[in-house]
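Residues per chain, in single letters:
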Amino acid sequence: MSEANPAAPVVIVGAAMGGLRAAESLRRSGYTGAIRVVGDELHAPYNRPPLSKEVLATDVTHEAVAFPSRAEMGDVEWMLGVRASAVDLAARTLTTDDGNVQEWRALVIATGLRARRLDFAPIAGRHVVRSLDDAMALRAELTVGARVVVVGSGFLGCELSATASKLGCSVTIVTPSVEPMIRPLGDLVAKEMRRRLNAEGVEIFSGVTVAAINGGASVESVELSDGRVIEADVVIESVGSDCNIEWLEGSGLDLSDGVLADNAMRAVTADGRARDDVYVVGDIARFPNPMFDDVPRRIEHWNIPTDTGKRAGAVLAAHLADDGSFDDVVAKPFAPMPSFWSNQFEIKLQAYGLLGLVSDDDIRILEGDLADQVAVGYYRDDRLVGVLGVGMKAALLPYRKQIAEGGN
Amino acid sequence: MIKIEVDMNQCQHYGQCVFEAPDNFKLNDDDKLEYVAEAPDSERDNIEAAVDVCPMQAIRIVE
Ligand SMILES: Cc1cc2nc3c(=O)[nH]c(=O)nc-3n(C[C@H](O)[C@H](O)[C@H](O)COP(=O)(O)OP(=O)(O)OC[C@H]3O[C@@H](n4cnc5c(N)ncnc54)[C@H](O)[C@@H]3O)c2cc1C
């Protein structure tokens with residue numbers, strides 16, 4: 001491997017929240033050299049959660065969701081509308097789809113996820129929601145009286161159902177799951193969520209998949225695996241996501257689920273070595289969190305791009321400073337609290353920890369009433385590893401503390 | 001002194017700021033956000049962290 005060229009920039013691939021936070025953190029940690037952010041979207045980094053909730057319900061504009069730009073970011077170079085296509089970790093180069101090959105001094109991987117699509121012929125009326133452009137295209141079709149079929153019943157699918165319904169559409173959820181949001185929330189809470197969504201007028205067909213999407217110029221109906229046919233003007237596919245790792249194939253990094261990183265967010269190669277000059281942040285990063293155990297996991301929650309971006313920026317800045325501080329910075333404890341929320345109609349969910357680690361027998365009501373406001377505990381080996389509040393916020397704080405302290 | 005502004009039309013009372021800058025932000029008994037609009041300069045890192053973690057991006061430092 002060649003020596004890194006100190007005149008080359010730190011290149012961050014992925015110009016969204018994770019990439020932005022890594023760049024900010026490099027600057028705040030004292031790195032004053034060149035930073036270039038390469039991203040395939042045309043928009044400067046913006047906040048995605050409102051795209052299925054508040055902003056989708058009103059007006060979808062970049063201005064409504066753009067992250068503020070900090071003064072210290074003034075000399076960061078943004079290469080937007082450019083897609084990374086290959087990387088060479090030995091030569092320290094990045095190839096982009098415009099044919100350019102650029103040298104980097106250090107690399108930050110922040111390319112996140114993309115929405116998975118159903119495998120049917122393209123037809124007008126089919127949508128996914130991951131990007132601002134996706135949300136704009138969908139918003140235009142959510143007119144009063146539109147018949148909307150949402151495929152998938154995760155958080156995103158349920159939020160999109162609620163928002164479409166509030167906009168005056170009639171909404172049906174089609175899902176292979178037994179209950180909505182059952183994988184993260186567990187059976188007890190998921191059943192209650194079905195009751196609440198039904199009460200709001202959302203129909204849920206569970207245990208079925210989509211067999212066909214029919215129509216001429218645009219969608220007319222959706223055919224289910226049990227033979228039922230639902231008339232539809234709009235189909236929203238909310239069936240999970242895939243990691244944007246194609247540009248890293250053949251690089252030698254461990255890509256078994258996203259990109260493997262160590263607790264300092266350094267990328268790990270397939271033969272198990274961490275690179276001091278390559279970092280991974282955000283949804284695509286699979287990293288160990290000592291709050292729970294030493295198993296590396298990807299966590300698709302909004303706080304993770306910020307926490308991992310800050311961590312990666314601080315460690316990388318210490319590596320580049322080469323002032324003897326690196327080992328101390330790496331050794332600093334890093335155990336970010338996973339945190340998510342979801343709004344569906346007047347249902348406000350808020351959670352801390354890793355709910356998905358737990359089996360149905362280890363989910364207990366902590367306080368309140370499931371049919372009203374409730375705090376629910378998720379236990380692993382009798383330790384609290386997650387807490388969910390439905391319509392409860394401040395009451396969760398002692399449980400959050402308990403999770404952070406190891407769950408006892 | 002740092003001056004803080006929260007757009008209360010945007011704020012959804014998620015309370016994430018509370019963990020980052022507890023001297024300035026708290027959730028009251030009705031789960032509504034209450035905040036102190038001024039902070040000493042020594043709190044800058046915490047206030048900036050609170051700005052970052054706001055799901056609605058409703059918090060601003062007025063420079
Ligand atoms: C509609 C929606 C609602 C959500 N709501 C919530 C919520 O309520 N609560 C919650 O906790 N989380 C929520 N999330 C999840 C949260 O938004 C994500 O965790 C977060 O966006 C991840 O940020 P990221 O920077 O890691 O990745 P991403 O936001 O996926 O950004 C990756 C960027 O890299 C770009 N890119 C990909 N490949 C390349 C390439 N080869 N070259 C150049 N650029 C590339 C992508 O276009 C994108 O701009 C929601 C997500 C969505 C989509």
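Within an unreviewed UniProt entry, the label attached to chain B reads Ferredoxin, and the organism entered is Salinibacterium amurskyense. The record in UniProt for chain B states the following under Cofactor (unreviewed entry): "[3Fe-4S] cluster".

Chemist: Help me understand the pattern of salt bridges in this model?
Modeler: Side chains that carry opposite charge are capable of pairing whenever their charged atoms lie near each other. Counted according to the given criterion, the structure contains 39 salt bridges over all chains. Of the charged contacts in the structure, one is a salt bridge between R147 of chain A and D233 of chain A, with a shortest N-O distance of 2.9 Å. Here R147 of chain A, found in strand β10 (residues 147-151), pairs with D233 of chain A, found in the loop between β15 (229-231) and β16 (234-237); they are 86 residues apart in sequence, far enough to count as distant. You can call D233 of chain A partly exposed: its relative accessible area is 29%. The salt bridge involving E179 of chain A is made with R194 of chain A; its shortest N-O contact spans 2.6 Å. With E179 of chain A in the loop between β11 (170-175) and α6 (182-185) and R194 of chain A in helix α7 (residues 187-199), this residue pair connects regions lying 15 residues apart in the sequence. We note that E179 of chain A, like R194 of chain A, is buried. Taken together, the shared-partner salt bridges in this structure form one network comprising R21, E24, R70 and K310 of chain A together with D52 of chain B.

Chemist: Just to check I follow, could you spell out the interface of chain A and chain B for this structure?
Modeler: One frequently used descriptor of interface size is the decrease in accessible area upon assembly of the parts. Across the boundary between the two partners, chain A contributes 23 residues, which contact 17 residues of chain B. Overall, the association of chain A and chain B removes approximately 1700 Å² of surface from exposure, summing both partners, and the carbon and sulfur fraction of that is 48%. On the surface where chain A and chain B come into contact, there are four salt bridges. The interface formed by chain A and chain B contains 13 residue pairs in polar contact (both at pLDDT 80 or more). Mapped by element, the contributors of at least two residues to the side of chain A that touches chain B are α1 (17-28), α8 (303-321), β23 (339-344), β24 (347-353) and α10 (397-404) of chain A. Its residues assigned to classes, the side of chain A that touches chain B comprises eight nonpolar, six polar and nine charged.

Definitions and limits used
- Residues numbered from 1 in each chain as written.
- Chains lettered and ligands numbered in written order.
- Predicted model: local features only at pLDDT ≥ 70, side-chain atom pairs only at ≥ 80, totals over all residues.
- Heavy atoms only, no water.
- UniProt positions renumbered as here; feature names shortened; annotations may be inferred.
- Salt bridge = Lys/Arg side-chain N within 4 Å of Asp/Glu carboxyl O.
- Helix = DSSP H or I, 4+ residues; strand = E, 2+ residues; numbered from the N terminus.
- Buried < 20%, exposed > 50% of the residue type's maximum accessible area, 1.4 Å probe, protein only.
- Contact = heavy atoms within 4.5 Å.
- Buried area = accessible area lost by both parts, 1.4 Å probe.
- Polar contact = N/O pair within 3.5 Å; in protein donor to acceptor, adjacent residues only side chain to side chain.
- Nonpolar A, V, L, I, M, F, W, Y, C, P; charged D, E, K, R; others polar.

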